[in-house]
Amino acid sequence: MKPWLATLLLACAAVAHAQEHTAQQTKVDIERHRAMASAHEAAAKCLESGKGEETCRKELQAACKNLAIGKYCGMKHAH
């Protein structure tokens, strides 16, 4: 095997390994996804109750503080 090819293969393996999550990181990701889903479900129920978009958006933002990126808890849809 050519030395440059071996180096390239080792570099690719290192990158692939670095991108994998540990079991603990995966567990934290799962918990975050469930928390975001719960926050979005609460926002949907809030809207169904007739509280109004502004109130429900503020509740969603409070529920998602330090949980997801952006002010829409990691999800923004068009309308």
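Check the entry above for the structure.
Since we're looking at a predicted model, the values are computed, not measured. (Residues numbered from 1 in each chain as written. Predicted model: local features only at pLDDT ≥ 70, side-chain atom pairs only at ≥ 80, totals over all residues. Heavy atoms only, no water.)

Would you mind going over the state of the cysteines with me for this structure?
In protein chemistry, a disulfide is the covalent bond that joins the sulfur atoms of two cysteines. Taken as a whole, this structure holds two disulfides when the rule is applied. Shown here is the disulfide that connects Cys-46 with Cys-56, its sulfur atoms set 2.0 Å apart. Across the disulfide from Cys-46 to Cys-56, rotation about the S-S bond amounts to roughly -85°, and the bridge is consequently left-handed. Pair noted here: Cys-46 is in helix α2 (residues 23–48) and Cys-56 is in helix α3 (residues 53–63), with a separation of ten residues, a long-range link. The same class applies to Cys-46 as to Cys-56, namely buried. A disulfide bridge connects Cys-64 with Cys-73, and the sulfur atoms are separated by 1.9 Å. (Disulfide = S-S within 2.5 Å. Helix = DSSP H or I, 4+ residues; strand = E, 2+ residues; numbered from the N terminus. Buried < 20%, exposed > 50% of the residue type's maximum accessible area, 1.4 Å probe, protein only.)

What should I look at first to understand the pattern of salt bridges in this one?
Opposite charge on two side chains lets them pair, provided their charged atoms get close. With the rule as written, the count across this model stands at three salt bridges. The residue Glu-59 makes a salt bridge to Lys-51 at a minimum N-O spacing of 3.5 Å. Put simply, Glu-54 and Arg-57 hold a salt bridge, and the shortest N to O gap is 2.4 Å. Highlighted residues: Glu-54 and Arg-57, both in helix α3, separated by three residues, approximately one helical turn. The class of Glu-54 is partly exposed, set by a relative accessible area of 41%. You can call Arg-57 partly exposed: its relative accessible area is 24%. A single network of salt bridges, built from pairs that share partners, joins Glu-54, Arg-57 and Lys-58. (Salt bridge = Lys/Arg side-chain N within 4 Å of Asp/Glu carboxyl O.)

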